[in-house]
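Listed here are the chains, written in short residue letters.
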Amino acid sequence: MQPDWIFGALGGLMIGTAAALFLLVNGRVMGASGILGGLLDGSGRTNRAERLAFLAGLVIIPALLALGMGGAQTHATTNITVLISAGLLVGIGTRLANGCTSGHGVCGISRLSLRGLVATMFYLFAGGISVLVFRHLLGVI
Amino acid sequence: MRGIFAFLAGGLFGAGLLVSGMTDTRKVQGWLDIFGDWDPTLAFVLGGAILPMGIAWTFTHKRTPVLGGTFPSRPERRVDWPLAGGSLLFGAGWGLVGLCPGPAIASLSYGGLSGAVFFIAMIAGMVAAAPMRRRLIPSGMPG
């Protein structure tokens, strides 16, 4: 018996509720890449404090939770070339596309945004190809 | 007030990412591994997240946010090259390591050196994209 899907659905509901809270109370779209990216390139000058508070919660609460659980792990690769390449791709890609999994995926699809739907199809497709090529064909991950 | 609720939303988002398995790169890469040992968990994550958010959007019609201001304008319908190309680049990187921006930030405390290296590279990518963004993307579009 795999209980993973229960945690997946529960965590998903928490993510969606967080997005709903940020929308209905603050009036903002909860997109991780946009909130962080706006601080980096100055496009989020007008609501810096709100962005910083969101990011503080996003780091501190999982830190406390992981501590309470006796630790958590990402199981990420230790291959430095892979980490740097992937980080650059994710950073550049999400800013050009103007959104990531939370902005386009959760917030976009839930309002039936065409851009959100298209972005999600493209990054899921590319993610599948990436795992196929780098795991099964090249064996680097 | 805005800061308090932003902190709460960020915290609940982060807790959800940890509970759901989105910060576990094995689960994420398992979900993207459709030609291997496919792990369907992330379908439940996305479905679970879209449900409350879909309901929330219906409450924005002809109303204003609790703390004032205005709700995001109707989504653009224009599908362009930055959207498609950027999403392809993002997906390729997501598959390579298994971290997207939200989980990369949420796991900073327990992601170790790997998480830190990925995060710094992601920041560098975001900064590098800024000049391209200014040329390609009209201002005022929500992230």
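Structure first, text after, so check above.
A brief structural summary. Note that this is a predicted model, so its numbers are computed, not measured.

Focus on the overall build of chain A
Logical step 1: Across its full length, chain A holds six helices and zero strands.
Logical step 2: For chain A, the C-alpha atoms occupy an extent of roughly 45 × 35 × 30 Å along the three principal directions.
Logical step 3: Scored against the burial criterion, the 141 residues of chain A give a buried share of 54%.
Logical step 4: Of the contacts made within chain A by residues no fewer than 6 positions apart, 34% connect residues no fewer than 24 positions apart.
Logical step 5: Summed over its atoms, the accessible surface of chain A is roughly 5,800 Å², and 72% of this surface lies on carbon and sulfur atoms.

Some remarks on the layout of surface pockets
Logical step 1: In this model, the second largest pocket occupies a volume close to 380 Å³.
Logical step 2: In terms of lining residues, the second largest pocket is bounded by 15 residues, among which Arg111(A), Trp57(B), Thr60(B), Arg74(B) and Pro75(B) are the most central.
Logical step 3: Classifying every residue of the lining of the second largest pocket by side-chain character gives six nonpolar, five polar and four charged.

A word on the environment of Ile6(A)
Residue and element names in this part refer to chain A.
Logical step 1: Looking at where Ile-6 falls in the secondary structure, it is placed in helix α1 (residues 4-26).
Logical step 2: We classify Ile-6 as partly exposed; its relative accessible area is 43%.
Logical step 3: Each C-alpha atom of the pair Ile-6 and Ile-141 lies 28 Å from the other, and the pair is 135 residues apart in sequence.

Quick notes on the pattern of salt bridges
Logical step 1: The tally for this structure, following the rule as stated, stands at ten salt bridges over all chains.
Logical step 2: A salt bridge links Asp80(B) to Arg115(A), with the shortest nitrogen-to-oxygen separation between them at 3.5 Å. Taken together, the positions of Asp80(B) in the loop between α3 (41-58) and α4 (81-97) and Arg115(A) in helix α6 (residues 114-137) put the pair across two chains. Arg115(A) matches Asp80(B) in its accessibility class, with the two residues each being buried.
Logical step 3: Ionic contacts of the salt-bridge type, sharing partners, join the residues Arg115(A), Glu76(B), Arg78(B) and Asp80(B) into one network.

About the criteria used
- Residues numbered from 1 in each chain as written.
- Chains lettered and ligands numbered in written order.
- Predicted model: local features only at pLDDT ≥ 70, side-chain atom pairs only at ≥ 80, totals over all residues.
- Heavy atoms only, no water.
- Helix = DSSP H or I, 4+ residues; strand = E, 2+ residues; numbered from the N terminus.
- Buried < 20%, exposed > 50% of the residue type's maximum accessible area, 1.4 Å probe, protein only.
- Contact = heavy atoms within 4.5 Å.
- Areas by Shrake-Rupley, 256 points an atom, 1.4 Å probe, with all protein chains shown as cover.
- 1 Å grid on protein atoms, 1.4 Å probe; cavity = no way out; pocket = protein on both sides within 12 Å on 5 of 7 lines; lining within 4 Å.
- Points joined across faces, edges and corners; volume = space filled by probe spheres on them.
- Nonpolar A, V, L, I, M, F, W, Y, C, P; charged D, E, K, R; others polar.
- Salt bridge = Lys/Arg side-chain N within 4 Å of Asp/Glu carboxyl O.

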